[in-house]
Amino acid sequence: MAELPRLNGIIRALEAGQHALTCFAPAEITSAVAMATTKFDGCVFEMEHQPWDGRLLRDCLQYMLNRAQIAKAGSVVPGVTPLARVPVNGVEMAQWQAKQALDMGCYGIVFPHISTVEEAANAVGACRYPRLSDASFFHPPGIRGDGPTTAARYWGLTQQEYYQRADVWPLNPQGEIFCILQMEDTRGIENLDDILKNVPGIGCILIGEGDLSQELGYPRQYEHKVVLEWMKRVVDTCKKHNVVVGHPHVEAGNAERIVKEGYRFLMCAPVQSYGYLEAARKFTGRT
């Protein structure tokens, strides 16, 4: 049986040894239309600090499908991979919004405020279907409810093909779901080594420097030495465990430094995303 092509553009870039270039995008139809033909590898529809609206997210996913791009590529896979950031914090140990976003067809979830091993396992498990304990890649156990019809249709697969691909990468090499955990407080950073030791299936650790800087007493002073010291701890821990680390505020003034420090999941600042994308592309060697 021929190997199916990689569907998730973010994973495709990382597997090729490249940086993944992404941004946050408002969950609005006009935003989805604009994002669909950009050079980003993926975009994260922002629904933590905006109202959770499942119907609107579903519409945004449909508007990510560009007919000209589909015809040229011969594939229904969106040119820019859509993900969603859900509202619930890690301590709330919820999974229903992740389940709904995945059931609509999202290729990954950003979970904010993950601070413990238990919260991390719950987040990764929310992206996985349950399986028997002797199955491959069992841990962490899946808790996602079964409702694949819409997602399989959106991915252009049969339901059985979807089940094979709807797992977390890189734990499952065939997986197409990219699970991102945000480190946004000192407690989470102090626990990060244990999290990465005990919870496989994390695609990326994304620093939440806004909340982190608030806790440290330097709100939104992203270049303050104390904030940068805590961020370096995240980078160093991720390098130790060979886990991708992400930066949420890449712009022309800091892109070169961020790339040199070892960040591989780069989120361009949302307001000037298109200009900052070109800066990120320059310093990462993307053409």
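Residues numbered from 1 in each chain as written. Predicted model: local features only at pLDDT ≥ 70, side-chain atom pairs only at ≥ 80, totals over all residues. Heavy atoms only, no water.

**Observations concerning the pairing of strand β1 (residues 20-26)**
Turning to step 1, where the next piece is worked out: Taking burial as the measure, the seven residues of β1 include six buried ones, the bulk of the element.
Turning to step 2, where the next piece is worked out: Two elements, β1 and strand β8 (residues 265-268), share four bridges in a ladder whose sense is parallel. Along β8, the bridge assignment pairs A20 with F265.
Turning to step 3, where the next piece is worked out: With five bridges joining them, β1 and strand β2 (residues 42-46) adopt parallel strand pairing. (Buried < 20%, exposed > 50% of the residue type's maximum accessible area, 1.4 Å probe, protein only. Helix = DSSP H or I, 4+ residues; strand = E, 2+ residues; numbered from the N terminus. Pairing = 2+ DSSP bridges.)

**Considering the sheet that holds strand β3 (residues 81-85)**
Turning to step 1, where the next piece is worked out: If you trace the eight strands once around the closed barrel, you get β1-β2-β3-β4-β5-β6-β7-β8, paired in parallel fashion. Across the sheet, the mean angle from the axis of one strand to that of its neighbour is 25°, orientation sign disregarded.
Turning to step 2, where the next piece is worked out: Contacts from helix α6 (residues 117-126) reach β4 (108-111) and β5 (178-183), with the element oriented near 155° to β5. (Axes fitted to C-alpha atoms, helices over the stretch in contact; angles between N-to-C directions. Contact = heavy atoms within 4.5 Å.)

**Focus: the packing of helix α10 (residues 209-216) against helix α11 (residues 225-241)**
Turning to step 1, where the next piece is worked out: For the pair α10 and α11, interaxial distance at closest approach is 10 Å and the crossing angle is 125°. With respect to α11, the axis of α10 lies oblique. Of the two possible hands of crossing, α10 and α11 adopt the one that is right-handed. Contact with α10, carried on its side by E209, L212, S213 and L216, involves V226, V227, W230 and M231 of α11 and no other residues of that element.
Turning to step 2, where the next piece is worked out: Here the residues of the contact of α10 with α11 are counted per class, giving six nonpolar, one polar and one charged. (Parallel < 35°, antiparallel > 145°, perpendicular 65-115°, else oblique. Left-handed = near helix turned anticlockwise from the far one by under 90°. Nonpolar A, V, L, I, M, F, W, Y, C, P; charged D, E, K, R; others polar.)

**Structural notes on α6**
Turning to step 1, where the next piece is worked out: The buried fraction of α6 amounts to seven of the ten residues, a majority that puts the element mostly inside the structure.
Turning to step 2, where the next piece is worked out: Next to the buried residues of α6 lie α5 (96-104), β4, β5 and α9 (186-198).

**Some thoughts on unusual backbone geometry**
Turning to step 1, where the next piece is worked out: Along the chain, H139 connects to P140 via a cis peptide bond; the corresponding omega equals 0°.
Turning to step 2, where the next piece is worked out: Tracing the chain through its elements places P140 in the loop between α6 and α7 (149-155).
Turning to step 3, where the next piece is worked out: Its identity as a non-glycine residue notwithstanding, R220 has a phi of 60°, on the positive side.
Turning to step 4, where the next piece is worked out: Its location among the elements puts R220 in the loop between α10 and α11.

**Concerning the environment of C179**
Turning to step 1, where the next piece is worked out: Examined against the element boundaries, C179 turns out to sit in strand β5.
Turning to step 2, where the next piece is worked out: Looking at C179, the relative accessible area reads 0%, which means it is buried.
Turning to step 3, where the next piece is worked out: Between the C-alpha atom of C179 and that of E190, which follows or precedes it by eleven residues, the distance is 20 Å.
Turning to step 4, where the next piece is worked out: If we ignore the near neighbours within four places in the chain, the residues touching C179 are I109, F111, A123, V124, C127, V168, G201, I202, G203 and C204.

**A word on the nonpolar core**
Turning to step 1, where the next piece is worked out: Membership of the largest hydrophobic core comes to 74 residues, with the highest contact counts inside it found for F45, F111, L181, I202 and I205.
Turning to step 2, where the next piece is worked out: Counting residues per element, this core draws most heavily on α11, at six residues.
Turning to step 3, where the next piece is worked out: If we skip the residues at most four places from it in the chain, I202 touches V124, W169, P170, C179, L181, I195, L196 and V243.
Turning to step 4, where the next piece is worked out: In terms of nonpolar packing, the next biggest core, distinct from the first, is built from 16 residues, A20, V110, F178 and I180 among them. (Core = buried A, V, L, I, M, F, W, Y, C linked by side-chain atoms within 4.5 Å.)

**What to know about α9**
Turning to step 1, where the next piece is worked out: The first and last C-alpha atoms of α9 sit 19 Å apart over 13 residues, in line with the 18 Å expected at 1.5 Å per residue.
Turning to step 2, where the next piece is worked out: Of all bends in α9, the biggest is about 50°, found at L192.
Turning to step 3, where the next piece is worked out: Considered for burial, the residues of α9 that qualify are T186, G188, I189, L192, D193, I195 and L196. (Expected span 1.5 Å × (residues − 1). Bend = angle between axes of the 7 residues up to and from the residue.)

**Some points on empty space enclosed by the protein**
The gaps of empty space that remain are located by a probe, the size of a water molecule, rolled over the atoms.
Turning to step 1, where the next piece is worked out: Within the structure shown, the criterion is met by one cavity of 30 Å³ or more.
Turning to step 2, where the next piece is worked out: There is about 60 Å³ of room inside the largest cavity.
Turning to step 3, where the next piece is worked out: V88, N89, G90, M93, A94, F111, I114, E119, N122 and A123 together form the lining of the largest cavity.
Turning to step 4, where the next piece is worked out: Among the elements that take part in the lining of the largest cavity, α6 stands out by supplying three residues, more than any other. (1 Å grid on protein atoms, 1.4 Å probe; cavity = no way out; pocket = protein on both sides within 12 Å on 5 of 7 lines; lining within 4 Å. Points joined across faces, edges and corners; volume = space filled by probe spheres on them.)

From the geometry alone we can't say anything about function, so treat these as descriptive.
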